[in-house]
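Coordinates in review
Residues per chain, in single letters:
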Amino acid sequence: MASYHNTTKSGAYCMNNSISSPSILKKIGNQSLNNVPGRKVHFDLFKKLKILIINYNKNNEADKTNYSNLICDIRDAAVIIKDSDLLKLLKDARSCLSILNENLTLFVKVVLILKWMNRSDEVVNEYRGFLLDVCTAYNYHTKFAIDQLVSNFSQVDHTVYDRVNGMPSEKEERGYQNVHMTLEALLKVIPLSKDLLLTALQKKFPFRKSGAESNLHYIHNLLRITKYAPSLRKKILSLIVTKLVEIDVHIPKDELNRLESNINVEIEDIFPMDVDGECMQVDPEKMEVECFSQTLDICLRRIFMYMKTTCHDSDDNLIWENTKSLYHDLLSVFESEILPTYNSSHVQYIIYYFLSFKITLCENFCNWLWKKCCDVSSPCTLRQAAAGYLASFLCRAPFISNSILKNILSEISSWCINYINRVDKTVRVVTEDLLRCHAVFYSICQSLFYIISFRHQDLMESKRNLKFMENLNLSKIVTCRLSPLRLCCSAVVNRFAYITKTYQLTYCYVVMDGHIRVTDQSIKDEWLYSFFPFDTYVLPRSKDIIMSDLYRQFNDDTNKHDNIDDDEDKESLFVDNMDISPSMLSTSSPAKTDWLGQLVNQQQ
């Protein structure tokens, strides 16, 4: 193993990047610690450690030099120090606990940065005892101690090449377990340190360019914290989702299309970064994008597994109390981090997968989204986003019951008709201003059209269901002066017009062609939220969890209907492709669009 501790003539030193200790470096520089080049590390001073520290506190100049040399010795021996020597040092340090006042902060810190997590059980236990003792006796050391513990969570052994989906090796897991046992014990003896822990978790989170395994290992360890610190779970999940959203929105559509097209290609070929010798030949920008895809892929898989094991026992039976508790945390995170995010591709599947555990969760989530759509106190963009999520979830989730589907459709149609009754008489001309003022109405109408178009087989399968569809009073919606057919996404409208004519629910084509339409797509993109978020899941390492049996593909059976003879009607239907998937409906919005002040051009 390469040494990370090459002492320079100036006395400065280089440590592993995983050790974050800028304060120590700064203090060493300020105190002008002179570590003579080439001098060997001696541990004779450890035998007289207590006497040395006592004399240092007396401001004896000669002893200050010895103290400085001791600090340098410990610092430079961070990795190469033998277990027996480290064990002796830790025991001696614990014996000096009563005199480790604030003047000796540097000594405490240089001991805490020593590599310990993968050493012998004796060293690990002694290190844990020293950390707990010093933090309990002097609470001003707690912040640094927590920072050092958390910094271990993103460490990756790059000599391991046989990982399964990027997960830690057995050796790494043992080291992580030692850190968690220490952190759990610290939280018990100092309960108020939870705030310091949250701050450290946020500060130490790897940058999105740090690599897939570094991010995965960090998230893996954050999820383990929720097991022994459940009160922190919601904030930890929020932090994880926030970071994954940042990665998600930096993956361009071209990369998603590439992954989707590589259906039968091995994962190693999809991510060439995994192949030795090939990395140097890949374009840096392409390499970065592929790194983002891989990071999001393996991290989402880890979160899916976390939710599965949290909510189910070893026999795969649902633990309802655990599930309800996690649902409330996930819903809060969804509302604050996912719902306001424009055009994310995969992070939203966290809530999607969780809802598949029980139909009651689906019903509750749909009702929550519908209430958000109707909440006039919420920003219009959030209400429009909720409408898009509601429609996409109802269409794509095969675990949604028909009763939930019909209840939501009934609510939507009633809301649209009530809205029309209030404002329709004031409408004179269909203009861009009309779209701006009634954007929520048009988004909800668009969701109604989308659901009926996508789920028409389930909605028209019996006379009873046909009667239900007739009672939705779709004719009043499509013929009102607000003219939703002329302002909603043309792909959805064309499909809806064909379906409703096929089943003789209403006739849309006269209304669609009777007046001048707002056809400028950029205007629609600016004011009409046409994002149906549950697009096809394409990340190769985790897609089997979603796409195997939790996703409804579009099933086109319209060719079996032969009661539409108008060639123009058929042409308008097929112009945009039969599969009205989100990838077809969503277009990249112009940069001028204000998405809660956060929408920027995602293509850098």
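Residues numbered from 1 in each chain as written. Predicted model: local features only at pLDDT ≥ 70, side-chain atom pairs only at ≥ 80, totals over all residues. Heavy atoms only, no water.

1. Topic: the overall build of the protein
- Along the protein, the regular secondary structure elements total 31 helices and zero strands.
- Expressed as a percentage of its 604 residues, the buried residues of the protein come to 57%.
- Expressed as a percentage of contacts within the protein between residues at least 6 apart in sequence, the contacts between residues at least 24 apart total 79%.
- Total accessible area on the protein stands at roughly 27200 Å², and carbon and sulfur atoms take up 49% of it. (Helix = DSSP H or I, 4+ residues; strand = E, 2+ residues; numbered from the N terminus. Buried < 20%, exposed > 50% of the residue type's maximum accessible area, 1.4 Å probe, protein only. Contact = heavy atoms within 4.5 Å. Areas by Shrake-Rupley, 256 points an atom, 1.4 Å probe, with all protein chains shown as cover.)

2. Some points on helix H26 (residues 490–502)
- The end-to-end C-alpha distance of H26 is 18 Å, a good match for the 18 Å that 13 residues give at a rise of 1.5 Å each.
- Most of H26 is tucked away, with twelve of its 13 residues classed as buried.
- Turning to H26, its buried residues number three or more, namely Ala491, Val492, Val493, Asn494, Arg495, Phe496, Ala497, Tyr498, Ile499, Thr500, Lys501 and Thr502.
- Following H26 by one or two positions, Gln504 has its phi on the positive side, about 55°. (Expected span 1.5 Å × (residues − 1).)

3. With respect to the pattern of salt bridges
- In total, this model carries 23 salt bridges according to the counting rule given.
- A salt bridge links Glu255 to Arg258; the nearest nitrogen and oxygen atoms lie 2.9 Å apart. Here Glu255 and its partner Arg258 are both found in helix H12 (residues 253–261), three residues apart, which amounts to about one turn of the helix.
- In the salt-bridge network here, residues are joined through shared partners; they are Arg94, Glu126 and Asp133. (Salt bridge = Lys/Arg side-chain N within 4 Å of Asp/Glu carboxyl O.)

4. Topic: the packing of aromatic side chains
- Counted by the stated rule, this structure contains 33 aromatic pairs.
- The interplanar angle of 10° and the centroid separation of 4.3 Å between the aromatic rings of Trp116 and Tyr127 together place this pair among those described as stacked. With Trp116 in the loop between helix H5 (105–112) and helix H6 (121–137) and Tyr127 in helix H6, the pair connects residues that are eleven residues apart, well separated along the chain.
- The exposure class of Tyr127 is buried, given its relative accessible area of 2%.
- One residue, Lys358, lies across the ring of Trp320, its end atom 5.4 Å from the ring centre.
- In this structure, Lys406 packs its charged tip against the face of Phe468, placed 5.2 Å from the ring centre. (Phe/Tyr/Trp six-rings, centres within 6.5 Å; stacked < 30°, edge-to-face > 60°. Lys NZ or Arg CZ within 6 Å of the ring centre and 35° of its normal.)

5. Topic: the environment of Asp85
- Along the chain, Asp85 turns up in helix H4 (residues 83–95).
- The exposure class of Asp85 is partly exposed, given its relative accessible area of 23%.

6. Examining the packing of H12 against helix H14 (residues 284–311)
- Running from N to C, H12 and H14 cross one another at 65°; their axes reach a closest spacing of 11 Å. Judged by the sense of rotation from one axis to the other, the crossing of H12 with H14 is right-handed. Where H12 abuts H14, its residues Glu255, Arg258 and Leu259 lie against Val289, Glu290 and Ser293.
- For the contact of H12 with H14, the per-class residue count stands at two nonpolar, one polar and three charged. (Axes fitted to C-alpha atoms, helices over the stretch in contact; angles between N-to-C directions. Left-handed = near helix turned anticlockwise from the far one by under 90°. Nonpolar A, V, L, I, M, F, W, Y, C, P; charged D, E, K, R; others polar.)

7. Points about the nonpolar core
- Core analysis: the biggest nonpolar cluster contains 190 residues, and Phe107, Met307 and Phe393 have the highest contact counts within it.
- Once residues lying within four places of it in the same chain are set aside, the contact partners of Phe393 are Tyr352, Leu355, Cys362, Phe365, Cys366, Phe399, Ile400 and Phe534. (Core = buried A, V, L, I, M, F, W, Y, C linked by side-chain atoms within 4.5 Å.)

8. Some thoughts on the confidence of the model for the protein
- Residues with a pLDDT of 70 or more make up 78% of the protein, whose mean pLDDT is 81.
- Within the protein, no element has a lower average pLDDT than helix H31 (residues 582–585), which sits at 35, and none a higher one than helix H16 (residues 349–355), at 98.
- Low confidence marks residues 1–42, where pLDDT is under 50. Its contacts with residues over four positions away, or in another chain, come to 69 contacts.
- Below pLDDT 50 for its whole length, residues 561–604 participates in 90 contacts with residues either more than four positions away or in separate chains. (pLDDT = per-residue confidence, 0-100.)

9. What to know about the environment of Tyr327
- Within the secondary structure, Tyr327 is located in helix H15 (residues 320–338).
- A C-alpha to C-alpha distance of 9.5 Å links Tyr327 and Phe365, two positions 38 residues apart in sequence.

10. Topic: unusual backbone geometry
- A positive phi angle, close to 60°, is found at Asn473, a residue other than glycine.
- Along the chain, Asn473 falls in the loop between helix H23 (463–470) and helix H24 (474–479).
- The backbone of Ser483 sits at a positive phi, close to 50°, despite the residue not being glycine.
- In this fold, Ser483 is placed in the loop between H24 and helix H25 (484–487).

11. What to know about helix H8 (residues 170–189)
- Spanning 20 residues, H8 covers 29 Å between terminal C-alpha atoms, matching the ideal 28 Å at 1.5 Å per step.
- What H8 keeps buried is the set Glu172, Gly175, Tyr176, Asn178, Val179, His180, Thr182, Leu183, Ala185, Leu186 and Leu187.

12. Observations concerning the packing of helix H10 (residues 212–228) against helix H11 (residues 233–248)
- Packing of H10 against H11 brings their axes to within 9 Å, and their N-to-C directions diverge by 165°. If you check the angle between H10 and H11, you find them roughly antiparallel. In this structure, the crossing between H10 and H11 has a hand that is left-handed. Contacts between H10 and H11 involve Ile219, Leu222, Leu223, Ile225 and Thr226 on the former and, on the latter, Arg233, Ile236, Leu237, Leu239, Ile240 and Leu244. (Parallel < 35°, antiparallel > 145°, perpendicular 65-115°, else oblique.)

13. Remarks on the environment of Cys291
- With respect to the helices and strands, the residue Cys291 is situated in helix H14.
- Taking the C-alpha atoms as reference points, Cys291 and Lys209, 82 residues apart in sequence, are found 7.6 Å from one another.

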